[in-house]
Every structure is written in C-alpha cells, then in structure tokens.
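# Chains, contacts and geometry: an overview
Spelled out from the first residue to the last, the chains are:
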Amino acid sequence: MSGQGESWRTNLIRDPVIIQQLALQAKRVAVLGIKTEDKASQPAFFVPAYLQAAGVEVVPVPVFYPDVTHILGQQVYRKVADVPGEIDILDVFRKPSDIPQHLDDILAAAPKAVWLQSGISHPAVEEQLARAGIKVVSDRCLKVDHQQAAMHSKM
C-alpha cells in the first residue's frame, strides 16, 4: 500500500533534525507519569524540571500520588483530557504495557505531539495516534533532544 492510505506515517517522526525542532519549539508540555519532588533523581521528575527551567510551561499529569495537588509548583491534572488549552507535546513516562490504557485520554486531549521517552515504544498505539493526526516521537529523551537543539540554535 502506498499513497494516501499511508500518509499517516509522516506523523511518525524519526528524523533527528525534525525531532530537535519539535523539542525546541514546544512552549507547553504536559507530562503523563510525572514523579514528585521526592523522586528528583528519576527521569520522570528531572526531565520536566529541566524543561521548566528552560522556560517551557510544564503541566503535571501524574498517574500515582492521588493526594498531590501540585508538582513543580504547577496544578496537577488527573487526565490529559482535563488539561485546559493546547498541549504542544505530551511527554510520556509510562512503561509500554501501560500506554494502551491512556490512548482514549490522549486522543481526547489531542496534543500536537506525543513523545514516548527513552526505552518506551508501542507501535500499535503510535499508529493510532499518527492516524489521528498527532505527531509521535518514540524511544527518545526530550531533555537530551531539547538540550541539543538549544545548543545548535545558539551556534
């Protein structure tokens, strides 16, 4: 199959240059699976903390911590679809087997892009997101790509 039936594949972003542009252009990132400050040594906390320090608005969407109302000084939302306003990137810190349970929520939120962190991919979910017109980056670290893009943009 080729042609229009496969056009959704252009939403599966693999080109490192395009990935870095996407990372650098994001102004608002929701973080599904974010950890709390007491887990500061874990990527699910320090990646969004880095983004916030770099001037990106971070919107926490923790999966655990039912009593927590704020992370990184920002209001917590329990579902991605409950986040008001546009989401440039939904950064996902969930193990691959847990991602399908979030698919309907992600589709309802309709972020511009979904970023599955290093070590995370789920081809079936990625295809469904891409078919819905959402850009998808998988198995990459948003912090690393953002840092590299920022460094290159200053050259």
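Here, every reference points to the structure presented above.
Residues numbered from 1 in each chain as written. Predicted model: local features only at pLDDT ≥ 70, side-chain atom pairs only at ≥ 80, totals over all residues. Heavy atoms only, no water.

## Topic: the packing of aromatic side chains
As a reminder of what qualifies: Under the pairing criterion, centres of Phe, Tyr and Trp rings, with the six-membered ring standing for Trp, must be within 6.5 Å; the plane angle then separates stacked pairs below 30 degrees from edge-to-face pairs above 60, leaving the rest tilted. Here, a charge over a ring is recorded when the distance from Lys NZ or Arg CZ to the ring centre is within 6 Å and its angle to the ring normal is within 35 degrees.
The tally for this structure, following the rule as stated, stands at 0 aromatic pairs. For the cation-ring pair, lysine 143 lies above tyrosine 50, with the distance from its terminal atom to the ring centre recorded as 5.5 Å.

## A word on the environment of glycine 85
The condition is simple: For the purposes of this entry, the term helix denotes a DSSP run of H or I that reaches at least four residues, the term strand denotes a run of E that reaches at least two, and both are numbered from the N terminus.
Within the secondary structure, glycine 85 sits in the loop between strand 4 (74-75) and strand 5 (89-92). Sequence spacing of glycine 85 and lysine 27 is 58 residues, and the spatial spacing of their C-alpha atoms is 12 Å.

## Considering the packing of helix 2 (residues 43-53) against helix 5 (residues 142-153)
Rules: Convention adopted: a line fitted to C-alpha atoms gives each axis, helices being fitted over their contacting stretch, and angles between N-to-C directions are expressed from 0 to 180 degrees. The cut-offs work like this: below 35 degrees is roughly parallel, past 145 is roughly antiparallel, 65 to 115 is roughly perpendicular, and the gaps in between are oblique. Each crossing gets its handedness from the near helix: less than a right angle anticlockwise from the far helix is left-handed, clockwise is right-handed. Residues are treated as being in contact if the distance between any of their heavy atoms lies within 4.5 Å. Lys, Arg, Asp and Glu make up the charged group, whereas Ala, Val, Leu, Ile, Met, Phe, Trp, Tyr, Cys and Pro make up the nonpolar group; the residues left over, Gly among them, are polar.
In contact at an axis separation of 9 Å, helix 2 and helix 5 are set at 30° when each is read in the N-to-C sense. In terms of orientation, helix 2 lies roughly parallel with respect to helix 5. The two elements helix 2 and helix 5 meet at a crossing, and its hand is left-handed. Two secondary-structure elements touch here, helix 2 through Phe46, Val47, Tyr50 and Leu51 and helix 5 through Leu142, Lys143, His146 and Gln147. Taken together, the residues that form the contact of helix 2 with helix 5 break down as 5 nonpolar, 2 polar and 1 charged.

## Looking at the nonpolar core
Grouped burial of nonpolar side chains is what soluble globular proteins tend to show. As a reminder of what qualifies: By nonpolar core is meant a set of buried Ala, Val, Leu, Ile, Met, Phe, Trp, Tyr and Cys residues that side-chain atoms within 4.5 Å join together. Burial classes follow relative accessibility: with a 1.4 Å probe on protein chains only, a residue under 20% of its type's maximum area counts as buried, one over 50% as exposed, and anything between as partly exposed.
If you look at the biggest cluster of nonpolar residues, it comprises 25 residues, and the most contacted ones within it are Val29, Leu51, Ile89, Trp115 and Leu142. Mapped by element, the contributors of at least two residues to this core are helix 1 (16-25), strand 1 (28-32), helix 2 and strand 6 (113-116). By residue number, the principal contributor to this core is helix 2, which donates 5 residues. Those residues within four positions of tryptophan 115 in sequence are excluded, and the remaining contacts are Ile19, Leu22, Ala23, Ile89, Leu90, Asp91, Val92, Val137, Arg140, Cys141, Leu142 and Asp145. Judged by nonpolar contacts, the second largest core, of 23 residues, contains Val59, Val92, Ile99 and Ala130.

## Re the sheet that holds strand 1
What counts, and what does not: Two strands form a pair only when DSSP identifies at least two bridges running between them.
On the basis of which strands lie adjacent, the open sheet formed by 5 strands has the order 2-1-5-6-7 and parallel pairing. The open sheet terminates on both sides in strands that have one partner only, identified here as strand 2 (57-61) and strand 7 (135-137). Direction aside, neighbouring strands of the sheet carry axes that sit 20° apart on average. The pairing of strand 1 with strand 5 spans 4 bridges and is classified as parallel. Residue pairing for strand 5: alanine 30 is matched across the bridge by leucine 90.

## Description of the environment of tyrosine 65
One can find tyrosine 65 in the loop between strand 2 and strand 3 (70-71). Each C-alpha atom of the pair tyrosine 65 and isoleucine 34 lies 9.8 Å from the other, and the pair is 31 residues apart in sequence. Sequence-distant contacts of tyrosine 65, defined by excluding residues within four places in its chain, comprise Ile34, Lys35, Thr36, Lys39 and Arg78.

## A closer look at the pairing of strand 1
For clarity, the cut-off: Whether a crossover is right-handed comes down to one check: with the strands pointing away from the viewer, does the path from the first strand over the helix to the second run clockwise; if it does, it is right-handed.
The buried fraction of strand 1 is high, at 5 of 5 residues. Of the two faces of strand 1, both are covered, the one formed by Arg28, Ala30 and Leu32 as well as the one formed by Val29 and Val31. Relative to strand 2, strand 1 runs parallel, the two sharing 5 bridges. Looking across to strand 2, one finds that leucine 32 is bridged to valine 61. Between the parallel pair strand 1 and strand 2, the chain is carried across by helix 2, and the sense of this crossover is right-handed.

Note that all results are geometric; they support no functional claim without further evidence.
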